[in-house]
Amino acid sequence: MDKTIVCLDMDCYFVSVERLVNANLKGKPVVIGGPAKSRGVVSACSYETRDYGVRSGMSLTEAYHRCPKAVFMTSTPGVYSEYSRKIKMYLEKWVPIVSQASVDEFYLDITGCERLYGNLYNFAWNLKLGLEKELGLPASMGMGRHKHIAKVACNMAKQQGFIYVQPHEEKHFLSGLPINSIQGVGKETEKSLIARGFTRVEHLAQLTHEQALSMMGKWGVSLWLKAQGEGSQSLSGGDAQKSISHDTTLPKDTSDSRVLRKIVARLSEKIGYDLRKEGWKARKITLKLRYSDFKTHTKQITIAPTHHDDTIFNVAWSSFELLNTRRLQIRMVGVSVGELEHEYTLSLFEDAQKKDDLYAAIDKIKNKFGKSFICAGRSFDALNQKKRNKNRNVCTIPETHSAAFNAEITESSDQNKAQFATKRMRGGRFSEGQGIMPSENRNVYTIPETRSAAFNAEITESSDQNKAQFATK
């Protein structure tokens, strides 16, 4: 039996959410990413700015020159995920299977819903209108027999439209579209296909299975099947997220490997924390570098599923060393993970379980005091220029901890104690204790990276002064 799959994609989602937060932005050209002419890049932009040539990924300086009347702003923390949850909750009230592809994209399996709601086209349209009315967020919609055709239809329906591709009309619907309309065809793939003479989908569809296999291998066969109008009908409600990513644009282009190493480490910690928070493990780790000439290079490695900061960092840094071959400075670094899967079991090996316990302890501290309250020594003080240590009581754990390293959290109402470190001096000098060294910030206890694998850390939380200090054994 043919299924009925709907792709719902929110229009200009990030700007639309910001306009709900600040009604003064409605009708104005908006660029999200940072202040005008700063070193960052455009994260999202409104449709009004696109008439001036502004696009996501463009430098904010260029965006300002193209559209100086735009409102340039940083993103509002937390609101995008909040509204994403509201969207999913609304959809799940009406649809039995909802699969979330990203923060602003959802697939719906409405097969059989005609028994409850009647005509499926009318039901899907009314669902979209109801969402826009209840949450105030515009959306586009595509509907067809499978995910691929629903997604292509949704893309063509922008803005706020709805296209339904009837069963067995998929090949005809796709035939005249440009080759990059096929899902999975990015810029590099598009160049490769055009070089072979495939400028439209129908050109690829005219090949036989054997020709596609001999010319492009299994990858080519996958694209050929999509050009024929075929696609996956399976939806897994709950397996929502495709990837998690974090990146940072440097205040100043650099080729200093020490600075870049700390940045990669800090991004890896953010990824690991997000994975553990959501109960995921990742198989693919991708490093992205953008050079001073704005050319972007990526390196992807597949590993055994993990959510450990150090594993993510080791793979990402290895990718960095392989990828950083150009004699240019770097302006942006990004780390992302993909092929996410749920973590259902405890680690089978003692060393892995100890590491799980360590990160559970670290996450407990971050949840209580903030993500930047504790970090590994390798990532500490990444980008001094940002002055990230707004919290004066930052603790740093050693970079080279082994499986024997454990962190133990104990809550105490007693006064804070540090057995081998002197008290933090508010105006005076830092006296060094055995095994603990002062960092450049006098209010930070930093443990040396060269400590042995037998090093143990005990964190004592005080309910009186909310500080965490380390003692060595």
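Residues numbered from 1 in each chain as written. Predicted model: local features only at pLDDT ≥ 70, side-chain atom pairs only at ≥ 80, totals over all residues. Heavy atoms only, no water.

Visitor: Any chance you could explain the pattern of salt bridges here in plain terms?
Guide: Two side chains carrying opposite charge are able to pair once their charged atoms lie near each other. Counted by the stated rule, this structure contains 20 salt bridges. Put simply, Lys151 and Glu105 hold a salt bridge, and the shortest N to O gap is 2.7 Å. Of this pair, Lys151 sits in helix 7 (residues 147-156) while Glu105 sits in strand 6 (residues 105-109); the two residues are 46 residues apart in sequence, bridging distant segments of the chain. Across the pair Glu339 and Lys284 runs a salt bridge whose closest N-O atoms are separated by 3.3 Å. Residue Glu339 is located in strand 12 (residues 330-342), and its partner Lys284 is located in strand 10 (residues 280-291); the two are separated by 55 residues in the primary sequence. What makes Lys284 partly exposed here is its relative accessible area of 23%. (Salt bridge = Lys/Arg side-chain N within 4 Å of Asp/Glu carboxyl O. Helix = DSSP H or I, 4+ residues; strand = E, 2+ residues; numbered from the N terminus. Buried < 20%, exposed > 50% of the residue type's maximum accessible area, 1.4 Å probe, protein only.)

Visitor: Explain the nonpolar core here, please?
Guide: Buried together is how nonpolar side chains tend to be arranged in soluble globular proteins. Counting 35 residues, the largest nonpolar core has Met10, Tyr13, Ile87, Leu91, Leu108, Ile110 and Leu137 as the members making the most contacts within it. Secondary structure elements with two or more residues in this core: strand 1 (5-10), helix 1 (13-21), strand 2 (30-32), helix 4 (79-92), strand 6, helix 6 (120-135) and strand 7 (139-144). If sequence neighbours within four positions are ignored, Leu91 has contacts with Leu8, Val98, Phe106, Leu108 and Leu127. Counting residues in hydrophobic clusters, the runner-up holds 28 residues, among them Leu250, Ile312, Val333 and Leu340. (Core = buried A, V, L, I, M, F, W, Y, C linked by side-chain atoms within 4.5 Å. Contact = heavy atoms within 4.5 Å.)

Visitor: Got a minute to help me understand the confidence of the model for the protein in this structure?
Guide: When pLDDT is low, close inspection of the predicted coordinates is not appropriate. Scored by pLDDT, the protein has a mean of 78; 75% of the residues are at 70 or more. Note that residues 383-394 has pLDDT below 50 and, in this model, 29 contacts with residues that lie over four places away or in other chains. (pLDDT = per-residue confidence, 0-100.)

Visitor: I keep staring at the sheet that holds strand 2 and nothing clicks. Help me out?
Guide: Across a sheet, strands are paired by hydrogen bonds formed along the backbone, either parallel or antiparallel in direction. The strand order across the open sheet built from 3 strands is 3-2-4, with neighbouring strands paired in mixed fashion. Looking at strand neighbours, the two that pair on one side only are strand 3 (44-45) and strand 4 (71-73), the edges of this open sheet. In this sheet, strand 3 lies alongside strand 2 in antiparallel orientation, the contact comprising 2 bridges. Within the sheet, the bridge partner assigned to Ile32 lies in strand 3 and is Ala44. (Pairing = 2+ DSSP bridges.)

Visitor: Looking at this structure, I do not really get the environment of Glu170. What am I missing?
Guide: Considering the arrangement of structural elements, one finds Glu170 in helix 8 (residues 170-175). In this structure the C-alpha to C-alpha distance between Glu170 and Ala227, which are 57 residues apart in sequence, comes to 8.8 Å. Not counting the four nearest positions on each side in its chain, Glu170 is found in contact with Arg145, His146, Ile149, Val165 and Gly229. A distance of 3.0 Å separates a polar side-chain atom of Glu170 from the backbone nitrogen of His168. (Polar contact = N/O pair within 3.5 Å; in protein donor to acceptor, adjacent residues only side chain to side chain.)

Visitor: Help me understand a nonpolar patch on the surface in this model?
Guide: A grouping of Tyr121, Trp125, Leu129 and Tyr164 is seen on the molecular surface, where their side chains present a nonpolar patch of about 340 Å² in accessible area. No other element matches the 3 residues that helix 6 contributes to the nonpolar patch. Take Leu129: it is sitting in helix 6. (Patch = residues over 30% accessible without salt bridge, like charges linked within 9 Å, V, L, I, M, F, W, Y side chains within 5 Å. Areas by Shrake-Rupley, 256 points an atom, 1.4 Å probe, with all protein chains shown as cover.)

Visitor: Just checking my understanding: could you explain the environment of His168 for this structure?
Guide: By the secondary structure assignment, His168 is in the loop between strand 8 (162-164) and helix 8. For His168 and Arg145, which are 23 residues apart along the polypeptide, the C-alpha to C-alpha distance reads 8.4 Å. Residues within four places of His168 in sequence aside, it is in contact with Asp2 and Arg145. Among the polar contacts made by the side chain of His168, one reaches the side chain of Asp2 at a distance of 3.5 Å.

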